[in-house]
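Each chain is listed here by its residues.
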Amino acid sequence: MSRVSIVETHLAFKSPLKARQKTCRFTLHWQGPIPAGMDIGKIDAAMVHGWHLERGWAGAGYHYLLKADATIERCRPRWALGAHDEGENADSLGICVIYRESPTAAQIERLAALLAELAEIYGQLPDAPGVIDGHRDNEPPETPTECPGDVLYAMLPEIRRQARGALEY
């Protein structure tokens, strides 16, 4: 039974996507600081896809985007190799959460439901060590990142707990 509704975006990628061979992790991201004048409600998968294309990439590197209104949009197909965590994409799905100061309660609830659903699909327990991580957990010391932001990163234990609770077993 589906726990979440995912908006299909059917983004067009600049080059063919490769298939991921296994999935055992879910990596959380954020978009980084948002300029003060930008309407956070307008940031969607198509916009992020455009930003990534402008950087010369094949398109959006994440698999899912959790918008400010807690809508979940698909970026890359679930089967595809991501481009969200250099050197760590072979076994992970990337989820980007759009927020300014802090994710909303609705976003965290939807994120936990999505993570529970993905954990069930891939036979993982969301509260097991290393299953749900932040982008910064995978970066080498020479290229540190603040992603997924201090606030979302601090919420990881609660997100894991909620995701496990959503599994209903």
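Residues numbered from 1 in each chain as written. Predicted model: local features only at pLDDT ≥ 70, side-chain atom pairs only at ≥ 80, totals over all residues. Heavy atoms only, no water.

A. Helix α1 (residues 45–54), seen in detail. The set of residues buried in α1 consists of Ala45, Val48, His49 and His52. Buried residues along α1 cover an arc of 105° about the axis, so they all sit on one side. Its buried side turned inward, α1 meets β3 (64–66) and β4 (72–74). (Buried < 20%, exposed > 50% of the residue type's maximum accessible area, 1.4 Å probe, protein only. Helix = DSSP H or I, 4+ residues; strand = E, 2+ residues; numbered from the N terminus. Arc of directions from axis to C-beta. Contact = heavy atoms within 4.5 Å.)

B. The arrangement of the layout of surface pockets in detail. In this structure, the largest pocket occupies an estimated 590 Å³ of space. Every residue lining the largest pocket is counted, 25 residues in all, and those nearest its centre are Arg55, Trp57, Tyr62, His84 and His135. For the lining of the largest pocket, the secondary structure elements donating two or more residues are β2 (25–30) and α1. Ranked by residues supplied to the lining of the largest pocket, first place goes to α1 with three residues. Its residues placed into classes, the lining of the largest pocket shows eleven nonpolar, eight polar and six charged. (1 Å grid on protein atoms, 1.4 Å probe; cavity = no way out; pocket = protein on both sides within 12 Å on 5 of 7 lines; lining within 4 Å. Points joined across faces, edges and corners; volume = space filled by probe spheres on them. Nonpolar A, V, L, I, M, F, W, Y, C, P; charged D, E, K, R; others polar.)

C. View of helix α2 (residues 105–121). Look at α2: 24 Å from first C-alpha to last across 17 residues, which is about the 24 Å you get at 1.5 Å a residue. All buried positions along α2 are accounted for by Gln107, Ile108, Leu111, Ala112, Ala113, Leu114, Leu115, Ala116, Glu117, Leu118 and Ala119. Of the residues flanking the end of α2, it is glycine 123, one or two places downstream, whose phi is positive at about 70°. (Expected span 1.5 Å × (residues − 1).)

D. Inspection of the packing of aromatic side chains at higher detail. Enumeration over the complete set of coordinates arrives at two aromatic pairs. Summarising the aromatic geometry, the rings of phenylalanine 26 and tyrosine 122 are spaced 6.4 Å apart at their centres and angled 50° between planes, so their arrangement reads as tilted. Within this pair, whereas phenylalanine 26 is found in strand β2, its partner tyrosine 122 is found in the loop between α2 and β6 (132–134), the two being separated by 96 residues in sequence. The exposure class of phenylalanine 26 is buried, given its relative accessible area of 0%. Since its relative accessible area comes to 23%, tyrosine 122 is described here as partly exposed. (Phe/Tyr/Trp six-rings, centres within 6.5 Å; stacked < 30°, edge-to-face > 60°.)

E. Region of interest: the pairing of β2. Taken across its six residues, β2 has six buried, putting it largely inside the fold. What you see with β2 is no split at all: Arg25, Thr27 and His29 on one side and Phe26, Leu28 and Trp30 on the other are buried throughout. Strand direction decides the pairing type here: β2 and strand β5 (residues 92–97), joined by six bridges, are parallel. Along β5, the bridge assignment pairs histidine 29 with cysteine 96. Inspection of the sheet shows β2 paired to β6 by three bridges, in the parallel sense. Residue pairing for β6: threonine 27 is matched across the bridge by aspartate 133. (Pairing = 2+ DSSP bridges.)

F. Layout of the pairing of β5. The element β5 is largely enclosed, with a buried count of six among its six residues. Burial along β5 is two-sided: the face carrying Ser92, Gly94 and Cys96 and the face carrying Leu93, Ile95 and Val97 are both buried. Examined bridge by bridge, β3 and β5 share three bridges and lie parallel to one another. By the bridge assignment, leucine 65 is partnered in β5 with cysteine 96.

G. Main features of the environment of arginine 100. Tracing the sequence through the fold places arginine 100 in the loop between β5 and α2. Residues arginine 100 and threonine 145, 45 residues apart in the sequence, show an inter-C-alpha distance of 17 Å. Engagement of the side chain of arginine 100 in a polar contact is seen with the backbone oxygen of proline 35, the distance being 3.3 Å. Among the polar contacts made by the side chain of arginine 100, one reaches the main-chain carbonyl oxygen of methionine 38 at a distance of 2.6 Å. (Polar contact = N/O pair within 3.5 Å; in protein donor to acceptor, adjacent residues only side chain to side chain.)

Such coordinate-based values are descriptive only and should not be taken to indicate function.
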